[in-house]
Amino acid sequence: MPISDPDALLEVSRIEAGYGKISVLHGVSLRIAAGEVVSLLGPNGAGKTTLLRAITGLLPLTAGTVRFDGRDMRDAGPRGSARAGLVHVVEGHRIFTQLSVTDNLLLAAYDLPRRERPVRIEEALAAFPEIAAKRHDRGGALSGGQQQMLAVAQGLVRRPRLLLLDEPSAGLSPVLVGRVLGAVADLRAAGTAVLLVEQLIDKALAVSDRVYAMAQGRVVLEAKADESGLHERLERAYFGQTVEA
Ligand SMILES: Nc1ncnc2c1ncn2[C@@H]1O[C@H](COP(=O)(O)OP(=O)(O)O)[C@@H](O)[C@H]1O
Ligand SMILES: [Mg+2]
């Protein structure tokens, strides 16, 4: 890979990060082009969530670089990242159950110009008609799946150029998983790039252009989502073996 890829929207180069003395990411590189949907797979503890945190400034890098839209994000922090269009819906994100659906979305729009907020809220609700129908209800009145849709909608309010989704379908019934991943397919059709962390491999691949797998803090596989033999390669990757292309 060249030092800097002019076509990449996100370019992560050899980053290292961790928690205190515990290093978790050992030289992770990946890139995402504008409009591309990329799955990030791997077993529990592989470092997927840590990678997303490092990308959006929730965790400092100890080495390497994150470039977004040609800009070094080192000093951007989570807010600067979100403002640049690099939006992270964190793992297990909880909505405010006492606030209405609309107010939850308004919170996500807090730093946008006042007249822009209703526009963004309508855009986000358009992605999820079933929560749009409950816009005046309290968040707590939504089903678990609808609450997860609302969490994704909070990310959409930012009008992301790249949306990072960390297990948005965790704990959902198959029907609701389909609904949430359907929203990813819609984003793809609309030209929004997505980095999707997902446990359900087949469902993730079905909405993705490419895939990375991580194990033990390293990228161990990169492939197109429709490559033949991908399943076998992923299985081996899950056990931490580097898999030849
Ligand atoms: N806040 C934390 N403090 C210390 N270690 C952590 C913390 N969060 C995660 N880890 C460790 O970092 C490693 C990667 O975790 P994580 O990024 O959550 O993996 P994944 O999202 O792939 O399941 C694991 O060994 C985990 O125990
Ligand atoms: Mg995780």
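Engineer: Explain the site of ligand 1 to me, please; I cannot follow it from the model alone.
Structural biologist: By nearness alone, every residue bordering ligand 1 is listed as Tyr19, Ile22, Val24, Gly42, Asn44, Gly45, Ala46, Gly47, Lys48, Thr49 and Thr50. Considering every element that reaches the shell around ligand 1, the biggest residue donor is helix H1 (residues 48-55), with 3 residues. Counted by class, the shell around ligand 1 contains 4 nonpolar, 6 polar and 1 charged residues.

Engineer: Even after reading the chapter, I still don't get unusual backbone geometry, so can you show me in this structure?
Structural biologist: Glycine aside, the phi torsion of most residues is negative, and most peptide linkages are trans. Phi is positive for Asp69, close to 55 degrees, though the residue is something other than glycine. With respect to the secondary-structure elements, Asp69 resides in the loop between strand E4 (63-68) and strand E5 (71-72). By the C-beta count within 10 Å, which is 15 here, Asp69 ends up partly exposed. The backbone of Arg159 shows a phi angle near 50 degrees, a positive value even though the residue is not glycine. For Arg159, the location among the structural elements is in the loop between helix H6 (144-156) and strand E7 (162-166).

Engineer: When you look at the environment of Ala109 in this model, what are you seeing that I'm missing?
Structural biologist: By secondary structure assignment, the location of Ala109 is in the loop between helix H3 (101-108) and helix H4 (117-126). On the neighbour-count criterion, Ala109 (20 C-beta atoms within 10 Å) is buried. As a C-alpha pair, Ala109 and Ile131 span 22 residues in sequence and 17 Å in three-dimensional space. In this structure, Ala109 is in contact with Arg117, Arg120, Ile121 and Val157, ignoring residues within four places of it in sequence.

Engineer: Which parts of the structure should I look at to understand H1?
Structural biologist: Side chains that are three or four residues apart share a direction in an α-helix, a result of its 3.6 residues per turn. In terms of burial, H1 is largely enclosed, as 8 of its 8 residues are buried. Turning to H1, its buried residues are Lys48, Thr49, Thr50, Leu51, Leu52, Arg53, Ala54 and Ile55. Immediately downstream of H1, the backbone of Gly57 shows phi near 80 degrees, a positive value.

Engineer: Sorry, what's going on with H6 here?
Structural biologist: Over its 13 residues, H6 runs 19 Å from end to end, which matches the ideal 18 Å to within 8%, given 1.5 Å per residue. Within H6, 11 of the 13 residues are buried, which leaves it mostly tucked inside the rest of the structure. Within H6 the residues assigned to the buried category are Gly145, Gln146, Gln148, Met149, Leu150, Ala151, Val152, Ala153, Gln154, Gly155 and Leu156. The inward-facing, buried residues of H6 contact strand E6 (86-89), H3, H4, helix H5 (129-132), E7 and helix H7 (174-189).

Engineer: Explain the sheet that holds strand E1 (residues 8-19) here, please?
Structural biologist: Pairing between the strands of a sheet is mediated by backbone hydrogen bonds and can be parallel or antiparallel. Taken in spatial order, the 4 strands of this open sheet run E2-E1-E4-E5, and their pairing is antiparallel. Each edge of the open sheet carries a strand with a single partner, namely strand E2 (22-33) and E5. In terms of strand pairing, E1 meets E4 through 5 bridges, oriented antiparallel. Looking at E4, one finds that Leu10 is bridged to Phe68. Against the sheet, H1 engages E1, E2 and E4, with an angle of about 70 degrees to E2.

Engineer: Just to check I follow, could you spell out the sheet that holds strand E8 (residues 193-197) for this structure?
Structural biologist: Pairing within the open sheet is mixed, and its 6 strands lie in the order E6-E7-E8-E3-E9-E10. Strands at the two margins of the open sheet, each flanked by one partner only, are E6 and strand E10 (218-224). For this sheet the average axis-to-axis angle between neighbouring strands, irrespective of direction, equals 15 degrees. Sheet analysis places strand E3 (residues 37-41) next to E8, joined by 4 bridges and oriented parallel. Following the sheet pairing, Val38 is matched in E8 by Leu195. Across the sheet, H1 is in contact with E3, E6, E7, E8 and strand E9 (210-215); its angle to E7 comes to roughly 150 degrees.

The rules behind the values
Residues numbered from 1 in each chain as written. Chains lettered and ligands numbered in written order. Predicted model: local features only at pLDDT ≥ 70, side-chain atom pairs only at ≥ 80, totals over all residues. Near = placed C-beta within 6 Å. Helix = DSSP H or I, 4+ residues; strand = E, 2+ residues; numbered from the N terminus. Nonpolar A, V, L, I, M, F, W, Y, C, P; charged D, E, K, R; others polar. Buried ≥ 20, exposed ≤ 12 C-beta atoms within 10 Å, placed from the backbone. Contact = placed C-beta atoms within 7 Å. Expected span 1.5 Å × (residues − 1). Pairing = 2+ DSSP bridges. Axes fitted to C-alpha atoms, helices over the stretch in contact; angles between N-to-C directions.

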